[in-house]
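Observations on the three-dimensional arrangement
Residues per chain are reported as follows:
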Amino acid sequence: MPGLTKLQVIDSHTAGEPTRVVVSGGPELGGGSVADQRLRLAEEHDWLRTSCVSEPRGHDAMVGALLCEPSESGCITGVIFFNNVGLLQGCVHGTMGVAVTLAHLGQISEGNHRIETPVGVVEVSLGQDGLVSVENVASFRHGGEVTVNVPEWGEVSGEVAWGGNWFFLVEGQGPPVEASNIDALTDFTWEVRKALKRDGITGEDGGEIDHIEVFGPPSDPTIADSRNFVLCPGKEYDRSPCGTGTSAKLACLHAAGKLEEGQTWRQASILDTVFEGSVRMGDDERVIPMIRGKAWVNGEATLILDPTDPFCFGV
């Protein structure tokens, strides 16, 4: 990367979880599917990720999104998501952030819009006051009852499910799901993830389970049906209820006969922000989740990448 480079970014948050969208200045990824472009970004241009989300410009909780050319007809854009340790597969909270960013730029308005992600096409619908609905990719429960032995906790049972990322979903075990227990929940879920890897437990086709989701009762049953804590791949927790995680939860509830088509499930985050979710049937007993939440644009910036800066690409 010779010379000075400038990246135009727009920041937003979805239910408390940040998204930084790179709207211009990113690398040329050569076209093709967004999944193919994601691979090129990882192999040839990881500097973009580290420049945007690592210190001194970013922080561990930040999720980045690079707009790119879609290959699927009818899509308004493609998008590739990334975080503090690498590239993500899907990201529903980030998709909501992309939607309000495009609206902020005047590129879309209320109504339905298709966006190509590395895991497939999702459809967003813009409402008023920051409300965004996302019809996610097909989601499903892969393992109904999986048990691992976790140091200091013993046997921990959960479900393995796909919602755009691979999740291990645990309910009623570990520290109570409360904001005062964030450190303890982080330690517990990190140990669970290591135990899954140690025992060779994966998703379909060997997919790495890199998200751990723990559930407990809501702080207020009038606004939510449960509260979760989601550990993301870089050992940082999701401030939102996690859109792909809520999709995985909906798939598990439906598979267990606890959620009917069209029935609403209200998922609270560790911050007590809420996503509403429902499902319709897809193919092969998989469900199509609809996730609804709110996102707000909260910043615009030009990131300057000066090659003489020792921390140009992050710390």
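Just above, that's the structure.
First, a word on scope: everything that follows refers to the structure included in this document. The written sequence of each chain sets the order in which its residues are numbered from 1. Side-chain atom pairs in this predicted model are given and counted only at pLDDT of 80 or more, local residue features only at pLDDT of at least 70, and totals for whole chains, interfaces and linings cover all residues. Remark: hydrogens and water are excluded; side-chain values derive from all non-hydrogen atoms of the structure.

**Comments concerning the overall build of the protein**
Short version of the rule: In DSSP terms, a helix is any run of H or I states spanning at least four residues, a strand is any run of E spanning at least two, and both are numbered starting from the N terminus. Two things to know: the radius of gyration comes from C-alpha atoms, and the globule rule equals 2.2 Å times the number of residues to the power 0.38. Burial classification: accessible surface area is computed with a 1.4 Å probe over protein chains only, and a residue below 20% of its type maximum counts as buried, one above 50% as exposed, and the rest as partly exposed. Contacts are assigned to residue pairs with any non-hydrogen atoms lying within 4.5 Å of each other. In this tally, Asp and Glu contribute negative charge and Lys and Arg positive charge; neither His nor the terminal groups of the chain are included. A charge is said to be at NZ when it belongs to Lys, at CZ for Arg, at CG for Asp and at CD for Glu.
Looking only at helices and strands, the protein features five helices and 15 strands. The C-alpha atoms of the protein give 19 Å as radius of gyration, which agrees with the globular expectation for 315 residues (20 Å, within 12%). Within the protein, the proportion of its 315 residues that are buried is 54%. A separation of at least 24 residues holds for 62% of the contacts in the protein among residues at least 6 apart in sequence. Of the charged side chains in the protein, 22 are positive and 45 negative, and the gap between their average positions amounts to 2 Å.

**Points about the layout of surface pockets**
Rules: Residues are said to line a cavity or pocket when one of their atoms sits within 4 Å of a point; the points come from a 1 Å grid over protein atoms alone, cavities being sets where a 1.4 Å probe fits but cannot get out and pockets being open sets with protein on both sides within 12 Å along at least five of seven lines. Grid points are joined across faces, edges and corners, and a volume is the space filled by probe spheres set on the points. Each residue gets one of three labels, nonpolar for Ala, Val, Leu, Ile, Met, Phe, Trp, Tyr, Cys and Pro, charged for Asp, Glu, Lys and Arg, and polar for the others, Gly among them.
What the largest pocket holds in volume is close to 240 Å³. Taken together, 15 residues form the lining of the largest pocket, with E159, L169, E171, K249 and K258 sitting closest to its centre. If you list the elements that add at least two residues to the lining of the largest pocket, you get β8 (140-150), β9 (154-162), β10 (166-171) and α5 (243-255). In terms of residue class, the lining of the largest pocket is made up of six nonpolar, four polar and five charged.

**Focus on empty space enclosed by the protein**
Applying the stated criterion across every chain yields a total of two cavities of 30 Å³ or more. The volume enclosed by the largest cavity comes to roughly 180 Å³. Taken together, 22 residues form the lining of the largest cavity, with V63, L88, H211, C232 and D238 sitting closest to its centre. Counting residues per element, the ones that place at least two in the lining of the largest cavity are α3 (92-104) and α5.

**With respect to α5**
Using the following cut-off: Here, expected helix span is obtained from the residue count minus one, scaled by 1.5 Å.
With 13 residues, α5 ought to run about 18 Å at 1.5 Å a step, and its terminal C-alpha atoms sit 18 Å apart, in line with that. For α5, the tally of buried residues reaches 11 of 13 residues, placing the bulk of the element in the interior. Those residues of α5 lying buried are G243, T244, G245, T246, S247, A248, K249, L250, A251, C252 and L253. One or two steps after α5, the chain reaches G257, where phi turns positive at roughly 75°.

**So, the environment of P176**
Relative to the helices and strands, P176 is located in the loop between β10 and α4 (182-198). Residues P176 and P118, spaced 58 residues apart in sequence, show a C-alpha to C-alpha distance of 34 Å. Setting aside its immediate chain neighbours within four residues, P176 contacts N181 and L185.

**Looking at the nonpolar core**
The test is simple: As used here, the term nonpolar core means buried Ala, Val, Leu, Ile, Met, Phe, Trp, Tyr and Cys residues forming a set that is joined through side-chain atoms within 4.5 Å.
Grouped together as the largest cluster of nonpolar side chains are 58 residues, with contacts concentrated most on V98 and F168. Among residues more than four places away in sequence, those in contact with F168 are V146, V156, S157, G158, E159, V160, V192, L196, I209, H211, I212 and E213. The next biggest cluster of nonpolar side chains, apart from the first, holds 19 residues, and it includes V9, V22, C52 and I80.

**Looking at the side chain of T186**
The topology assignment puts T186 in helix α4. Excluding residues that lie within four positions of it along the chain, T186 makes contacts with F229, L231 and K235.

**Concerning unusual backbone geometry**
Note: most residues except glycine have negative phi, and most peptide bonds are trans. In the segment running from E55 into P56, the intervening peptide bond is cis, with an omega of 10°. The phi torsion at E152 lies on the positive side, around 75°, for a residue other than glycine. Within the secondary structure, E152 sits in the loop between β8 and β9. Although it is not a glycine, E285 sits at a positive phi angle of roughly 65°. In this structure, E285 sits in the loop between β14 (274-281) and β15 (287-305).

**Some thoughts on the pairing of strand β1 (residues 5-14)**
Rule in force here: Paired strands are those between which DSSP finds at least two bridges.
Of all 10 residues making up β1, seven are buried, and the element is well covered by its neighbours. Note: β1 against β15, 10 bridges, orientation antiparallel. Residue D11 lies in a different strand from β15, and its bridge partner there is G299. Both β1 and strand β2 (residues 17-24) contribute to a ladder of seven bridges, which runs antiparallel. Within the sheet, the bridge partner assigned to H13 lies in β2 and is P18. Connecting β1 to the next strand, β2, in antiparallel fashion are two residues, including A15 with a positive phi near 55°.

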